[in-house]
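Observations on the three-dimensional arrangement
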Amino acid sequence: MKKIIGVIACGLFLNAAAASSQVTDKEKVQMEKRIEKLIKKMTLEEKVGLLHGNSKFYVAGVERLGIPEWSLSDGPHGVRAEINRHDWAYAGWTNDSASYFPTGTAFAAAWNPELAYRRGEVLGEEARWRKKDVLLGPGVNIIRSPLCGRNFEYMSEDPYMNSVLAVAYIKGLQSRDVACSVKHFAVNNQETNRTTVDVECSERALREIYLPAFKAAVQEGGALTVMAAYNKFRGEFCAENNYLVRKILRNEWGFDGVYVTDWGAAHSTVPSMEAGLDLEMGTLIDKYEDWYYANPLIEAVKSGKVPMSLVDEKVGDVLRVMIKTNVLDPKKRFGPGSMNTKEHQQATYDAAAEAIVLLKNQNNLLPLDFSSIKSLAVIGDNATRKHSNGGLSSEIKAVYEVTPLEALRAKWGDKVDIRFAQGYEKLSTFVEGSNNGQSSGTFSSKTQESDALLKEAVEVARTSDVALLVCGLNHDYDTESFDRLNMDIPYGQVELIQEVVKANPRTIVVMIAGSPLNMAAVDICSPAIVWAWFNGMEGGNALVDVLSGKVNPSGKMPFTTPVSLDQSPAHALGNFPGRDLKVNYEEDILVGYRWFDTKGLPVVYPFGYGLSYTTFDYSNLNTDKETYDQADTIQATFTLTNTGDREGAEVAQLYVSDPVCSVMRPVKELKGFKKVFLKPGESRRITLDIPVSSLAFYSEAQSQFVVEPGEFILQLGASASDIKQKISVEVK
């Protein structure tokens, strides 16, 4: 057994450039002096006014001291339309439309930090144009269950991947003087009972799986605000959880920005102040002056329950973020900003094009040669459905949104007879806070109308050269406020796919969804499958360009698609969504591919999987040394060659395993990746840097990350299940 040597974890991005919001030592001294002077001039009432909302998305300023009202907005994939100040109705503005980017899992499926940075830049520019100071996002919670309603916002099942993309996005956003609000801190992995459920997980799972993306966001991305989750953790609400906030976020990670509640997540005055909460928003109490951080806080200070120094600490955190984003500088605030420019539209298209995943391509059915096709059947409600206005806090009033059918007709309608058939009824309804509206979407709810639609679709497919089925989910299923009932594909779409394939063997299935579906039957019967996500305002154009071959698909799945729901770890152990308002993460660190690999379970599509219209060869994997010290960085270098006849991009993934360890470890864990664009026949040497510290596990006995000396195996592959080469190294 290896001897354990402790190391303090250094984070995932030791050599990352500082975020634009970070300041020099001299600037920091000046900033802190400015903060101190402002605080000394404030009355208690003015201080408290900075610590709670005065409307749905605004915080009062102190006009006499030049502190303006602070403006926040939802915005994980676009700046949300303007909400009335004192209710949740939209304000009805005519100038609050915005660019609509692919949602979280699509964002992750591109596996491209450069696109993540550009996304942040664009959203920052549009937030500034809309006069917003804080954009709420990104959501970096781990996809623990296929059923979580907010999976579509939450990127992936892997903490390293979430960390890399979050850091890039945050740097891009905050480079435009807009503060991010990384959310939801922490262990917020379900919507069922989200405001009351008490989460229990091991310290190791917390540190290895659920916190790394937040830590990277703070320490490497320079995140200026962090949002508290609704749920409890180990018996305390996250907004007043001393262990999570004061001990970890503040003291261990050095966070000195604003810790803000999710809307309605505050539950106390004194415990929240002591834990480190700065800003209360959205509390479900009618009068703002009655919120926990309003008159009750003033009374707590006057009675001696809360020291003035603690109030000053919170005010300082708010002012610090304001200064870093030029809120207190009238000449710099809100500029320069822009909305839905040509460059923004291109950024959304690029993000959509790189997100699309080719899952199956039997007999090279794709790409389609439209010049040889006379007729194309386009079938499915999602061929015409727009998704930007769903998902609750993710709703976007998009400037435009191109559907698949619109894009097909615009690009190929003059050359191909495009025949649309509805295919199925959208029988579900959206009921906020309840998934009861999904019940009518089940297969057993078939109607005469749905039978007629099925027959029409089969006939249109039978008489067309090619059939294109656009299926999947919508925001009656992938949404904030509730989880899905099951992993099934609703509305009888599986039968629709089966019958259409029988009628036309040249059938392509496109899935639009943001979380895993039961794809086993679809994969068996369908010759070609494309996963197209909720892919933003340019999603339709990007999809059609992939189908035609103008774009070579390069997306990879950011989550595992299991054969069945009961094989997923949380469900296999009966721990979703919990019992009696408690949920135990009994699967521990075995989340996502870590579980399936370690248990030897087959899956439909593995984590990191995606095909291309070209082929790639991996060769000559080596490292710069054979033996490494604890403080070293492993340089793993390999050759990647495009062996096909089309230009394309491959996401090379580097996993690491620890074969002999004093504790259980997964079969492998992602530690590096790179998206590489290559022309036909082109080869390139690629180097991935892996800090030895990133090979650590969290030792509960020592309360720190440790790297055990001995052998580690580097595994280079195209997915978690497609390992091309391996090499061993020794760590002293």
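Residues numbered from 1 in each chain as written. Predicted model: local features only at pLDDT ≥ 70, side-chain atom pairs only at ≥ 80, totals over all residues. Heavy atoms only, no water.

The name an unreviewed UniProt entry gives the protein chain is Thermostable beta-glucosidase B, with Parabacteroides distasonis as the organism. Within the UniProt record for the protein chain, the comment given under Sequence similarities (unreviewed entry) is "Belongs to the glycosyl hydrolase 3 family." (UniProt positions renumbered as here; feature names shortened; annotations may be inferred.)

Some points on the overall build of the protein chain
A count of helices and strands for the protein chain gives 19 helices and 29 strands. A globule of 732 residues ought to have a C-alpha radius of gyration of about 27 Å, and the protein chain, at 26 Å, matches this closely. Structurally, the protein chain occupies a C-alpha span of about 80 × 65 × 50 Å along its principal axes. A buried classification covers 64% of the 732 residues belonging to the protein chain. Once local pairs closer than 6 in sequence are excluded, the contacts in the protein chain between residues at least 24 apart make up 77%. (Helix = DSSP H or I, 4+ residues; strand = E, 2+ residues; numbered from the N terminus. Rg over C-alpha atoms; globule rule 2.2 N^0.38 Å. Buried < 20%, exposed > 50% of the residue type's maximum accessible area, 1.4 Å probe, protein only. Contact = heavy atoms within 4.5 Å.)

Considering the UniProt feature "domain: Fibronectin type III-like" (unreviewed entry) in the protein chain
Feature annotation in UniProt places "domain: Fibronectin type III-like" (unreviewed entry) on residues 650–720, given in this structure's numbering. The straight-line gap between the two end C-alpha atoms of residues 650–720 is 14 Å; of that span, 0% is helix and 62% is strand.

So, the pairing of strand E29 (residues 722–731)
Taken together, the two bridges between strand E21 (residues 627–628) and E29 define a ladder with parallel strand orientation. Directly across from Tyr-628, in E29, lies its bridge partner Val-731. Across nine bridges, strand E28 (residues 710–719) lies against E29 in antiparallel orientation. Bridge pairing in E29 places Leu-714 opposite Ile-727. Hairpin remark: E28 followed by E29, antiparallel, with two residues in the connecting loop. (Pairing = 2+ DSSP bridges.)

Section: the packing of helix H5 (residues 159–174) against helix H7 (residues 212–219)
Geometrically, a packed helix pair is captured by the angle between its two axes and the distance between the axes. The geometry of H5 relative to H7 is characterised by a closest axis approach of 8 Å and an angle of 25° between their N-to-C directions. What the angle tells us is that H5 and H7 run roughly parallel. Note on packing geometry: the crossing formed by H5 with H7 is right-handed. Seen from H5, the contacting residues are Pro-159, Asn-162, Ser-163, Val-167 and Ile-170; seen from H7, they are Pro-212, Ala-213, Ala-216 and Ala-217. Taken together, the residues of the contact of H5 with H7 sort by class into seven nonpolar, two polar and no charged. (Axes fitted to C-alpha atoms, helices over the stretch in contact; angles between N-to-C directions. Parallel < 35°, antiparallel > 145°, perpendicular 65-115°, else oblique. Left-handed = near helix turned anticlockwise from the far one by under 90°. Nonpolar A, V, L, I, M, F, W, Y, C, P; charged D, E, K, R; others polar.)

Observations concerning the domain arrangement of the protein chain
Per the domain assignment, the segments making up the protein chain are domain 1 (12–38), domain 2 (39–325), domain 3 (342–558) and domain 4 (616–731). Averaged C-alpha coordinates put domain 1 and domain 2 at centres separated by 20 Å. (Domains from an automatic or database assignment.)

Details of the side chain of His-77
Along the polypeptide, His-77 turns up in the loop between strand E3 (70–74) and helix H3 (104–109). With sequence-adjacent residues up to four places away left out, His-77 is seen in contact with Ser-99, Tyr-100, Phe-101, Pro-102, Thr-103, Arg-119, Leu-123, Phe-152, Ser-394 and Ile-396.

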